[in-house]
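Topology and contacts: notes
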Amino acid sequence: MYWNIRMRASEGEMHISGAEGLYPGDELQDTVAAYVQRALHHDRGEPDRVVVTVERLEEEPQLIEMQPVYTVNTRDYSEAWRFVEEGLNCLDVSGKAFNTARSIIESPDVMRGAAIVRAVSGVRAEPDRVRGVRATRLGIMPALLPALYESLNRFDADRTVVSEAVVLASKVASSPHIVAELCVSDDPFYTTGYLSSENTGYVRVPHIKEKDMMNGGRVFFVTEECAVGDVVRYLEETPVMITKLSDIHDIINPDEFICSINR
Ligand code: WAQ
Ligand code: MG
C-alpha cells in the first residue's frame, strides 16, 4: 500500500512552498527528510513553519497515463499570454474566464492551492478563496522516474519542477468536469508556465512570468453546470498514480500548435 506525503512551508501568512507525492512505505523516511530540506531552501524565502503530513492511503490509487509534453517557443511575456488566451479559446474557455484567471495569477496574494473558474461565465467557484483547492494524493511509479528525467534532460529546465508539474497536471486533466488548467510558478526565478488539458496535453509556455516577480498560481477551468464539490473531492481525495509515461515532444511554434487544437 502507498503513502501520501504532503509538505507545506509558510512564513507568517505567506505561502512559501509545497510539494507532495505517493510513496511506498520503505521510502518514507528519506522522502520526508528531502521535503524538509526543500522547504528550508526555497527561493521565495525562509519559512517559520513547515508542515509535513504522512498518511497511508485507504484505497488503491486509480491508474492513469502521464500527459504528453509539448513546449512552444513563445519569445516574450506578451507572446506567452497571447498564446494562452488563444489556446484557451480553442478549448472553449471564454475571454471572460481568461481575464479572471489572469488576474488571479498576477495578483500579489499567492494562494496555497488553485482557483476554480467557470469556463464560460468566468465566475470563481472554489469554496475557500484564500487557500484554494489542492490537487493531492497523486504520484508516479518510482520505477518510471529515471526514464522521465532522462527525456526531460533536453530542456534547459529543472527536471524535478517539470516532472512534479506534469504529474499534478495529469491528475487534474483526468478530473471529470475540468476542461483546462493554467499554471504559473510562484518561484521568482522560474518563468515557464503551462497550459494543460485532456485535449492538448501539457504545453510548456516560456516567459509567461517576468523574472523576479513573486506572484504565481493555478486555475482549473470547469464546465458551467458541474457541481464544484465533486471536482474538489476528486482533486483532494481520490488517489491517482501514473503508471505509464507519454511522449516528450520537441519545441514547436505556438501558431502551429493553436491550429492543431481541434475544437
Ligand atoms: N494543487 C493546487 N494548486 C497548487 C498546488 C496543488 N497541489 N501546488 C501549488 N499550487 C498552486 C499555488 O497557488 C502555487 O502558488 C502555484 O500553484 C504555483 O505552484 O514545464 O512550480 O509549485 O517548465 O510554484 C511549472 C513548470 C512549475 C513548467 C509550476 O508551481 C515547466 C510550479 P508552484
Ligand atoms: Mg513554487
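All values derive from a computational prediction rather than experimental measurement.

Assigned secondary structure in the protein consists of 7 helices and 13 strands. On C-alpha atoms alone, the protein measures out to a radius of gyration of 17 Å, which is about the 18 Å that the 2.2 N^0.38 rule sets for 263 residues. C-alpha atoms of the protein, sized along the principal axes, occupy 45 × 40 × 40 Å. Here the protein holds 263 residues, and 52% of them are scored as buried. Residue pairs in contact within the protein that sit at least 24 positions apart in sequence constitute 74% of those at least 6 positions apart. If the 27 positive side-chain charges of the protein are averaged to one point and the 42 negative ones to another, these points end up 3 Å apart.

Overall, antiparallel pairing links the 3 strands, which are arranged E2-E1-E3 in an open sheet. Only two strands of the sheet have a single partner each, and these edge strands are strand E2 (14-24) and strand E3 (49-56). Here the strands of the sheet are splayed against their neighbours by 10 degrees on average, with no regard to which way each runs. Pairing analysis gives 8 bridges linking strand E1 (residues 2-11) to E3, with the strands arranged antiparallel. Residue pairing for E3: Arg8 is matched across the bridge by Val51. Contacts from helix H1 (residues 28-40) reach E1, E2 and E3 within the one sheet, and its direction differs from that of E2 by about 165 degrees.

Much of the literature gives interface size as the accessible area that the parts lose upon coming together. Each domain of the protein was delimited in the assignment, giving domain 1 (2-58) and domain 2 (63-262). Distance from the C-alpha centre of domain 1 to the C-alpha centre of domain 2: 21 Å. If you look at the interface, domain 1 gives 19 residues, while domain 2 gives 21 residues. With both sides pooled, the region where domain 1 packs onto domain 2 buries about 1600 Å², and carbon together with sulfur makes up 52% of that total. Sorting the residues of domain 1 by area buried against domain 2 places His15, Leu22 and Arg44 first, and these three jointly supply 35% of that buried surface. If you look at where domain 1 meets domain 2, you find 2 salt bridges. Glu55 is the salt-bridge partner of Arg137, the closest N and O atoms lying 2.3 Å from each other. In this structure, the connection of domain 1 to domain 2 is made through 8 residue pairs in polar contact (both at pLDDT 80 or more).

About the criteria used
- Residues numbered from 1 in each chain as written.
- Chains lettered and ligands numbered in written order.
- Predicted model: local features only at pLDDT ≥ 70, side-chain atom pairs only at ≥ 80, totals over all residues.
- Heavy atoms only, no water.
- Helix = DSSP H or I, 4+ residues; strand = E, 2+ residues; numbered from the N terminus.
- Rg over C-alpha atoms; globule rule 2.2 N^0.38 Å.
- Buried < 20%, exposed > 50% of the residue type's maximum accessible area, 1.4 Å probe, protein only.
- Contact = heavy atoms within 4.5 Å.
- Lys, Arg positive; Asp, Glu negative; His and termini not counted.
- Charge placed at Lys NZ, Arg CZ, Asp CG, Glu CD.
- Pairing = 2+ DSSP bridges.
- Axes fitted to C-alpha atoms, helices over the stretch in contact; angles between N-to-C directions.
- Domains from an automatic or database assignment.
- Buried area = accessible area lost by both parts, 1.4 Å probe.
- Salt bridge = Lys/Arg side-chain N within 4 Å of Asp/Glu carboxyl O.
- Polar contact = N/O pair within 3.5 Å; in protein donor to acceptor, adjacent residues only side chain to side chain.

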